[in-house]
Amino acid sequence: VQLQASGGGLVQAGDSLRLSCAASGRDFSPWAMGWFRQAPGKDREFVAAINGGSTYYDDSVKGRFTISGGGRENSKNMLYLQMNSLKPEDTAVYYCTVRRYMGIPGRTPEEYAYWGQGTQVTVSS
């Protein structure tokens, strides 16, 4: 099992970025997939998740970020995170992940089984 996140970078406040994640090794379609982030000195925190057609967001990104994907594309499960109106407080390493249980995705890292290597997002003011 491998999750490969990409798309991070250095942007200015108000800019947009689109993160992508390719999950391979098995078909993750029945399980929720999501994004977490971790800023220096802080715990890893929930950003967004998708399960079937339902999406879930942390209040801090609601209305600015959009999660999509989770289905199969060329033998991989692809996951995306469109990030608009970025703020300096969005600066963090962003991780894609797959939940270890079926059902409505939770917001704690312990509920997720597989993690990508992370992609750095830096937003300057």
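Residues numbered from 1 in each chain as written. Predicted model: local features only at pLDDT ≥ 70, side-chain atom pairs only at ≥ 80, totals over all residues. Heavy atoms only, no water.

A few words now on the state of the cysteines. Every disulfide links exactly two cysteines, by a covalent bond between their sulfur atoms. In this structure the tally under the stated criterion is 1 disulfide. For cysteine 21, the disulfide goes to cysteine 96, at an S-S distance of 2.1 Å. Handedness here is read from the sign of the S-S torsion; for cysteine 21 and cysteine 96, about 60 degrees, the answer is right-handed. Taken as a pair, cysteine 21 in strand β3 (residues 17–24) and cysteine 96 in strand β9 (residues 92–99) lie far apart in primary sequence, 75 residues in all. (Disulfide = S-S within 2.5 Å. Helix = DSSP H or I, 4+ residues; strand = E, 2+ residues; numbered from the N terminus.)

The subject of this paragraph is the environment of glycine 8. Relative to the helices and strands, glycine 8 resides in the loop between β1 (2–6) and β2 (9–12). For glycine 8, a relative accessible area of 31% puts it in the partly exposed group. Not counting the four nearest positions on each side in its chain, glycine 8 is found in contact with Leu17, Leu19, Thr119, Gln120 and Val121. (Buried < 20%, exposed > 50% of the residue type's maximum accessible area, 1.4 Å probe, protein only. Contact = heavy atoms within 4.5 Å.)

Glancing now at the pattern of salt bridges. Summed over the entire model, instances satisfying the criterion amount to 6 salt bridges. Between arginine 37 and aspartate 90 there is a salt bridge, and its shortest N-O distance comes to 3.0 Å. Of this pair, arginine 37 sits in strand β4 (residues 33–38) while aspartate 90 sits in the loop between β8 (76–83) and β9, and the two are 53 residues apart along the sequence. A relative accessible area of 5% means that arginine 37 is categorised as buried. The class for aspartate 90 is buried, based on a relative accessible area of 1%. Measuring nitrogen to oxygen at the nearest pair gives 2.8 Å for the salt bridge that ties glutamate 111 to arginine 99. (Salt bridge = Lys/Arg side-chain N within 4 Å of Asp/Glu carboxyl O.)

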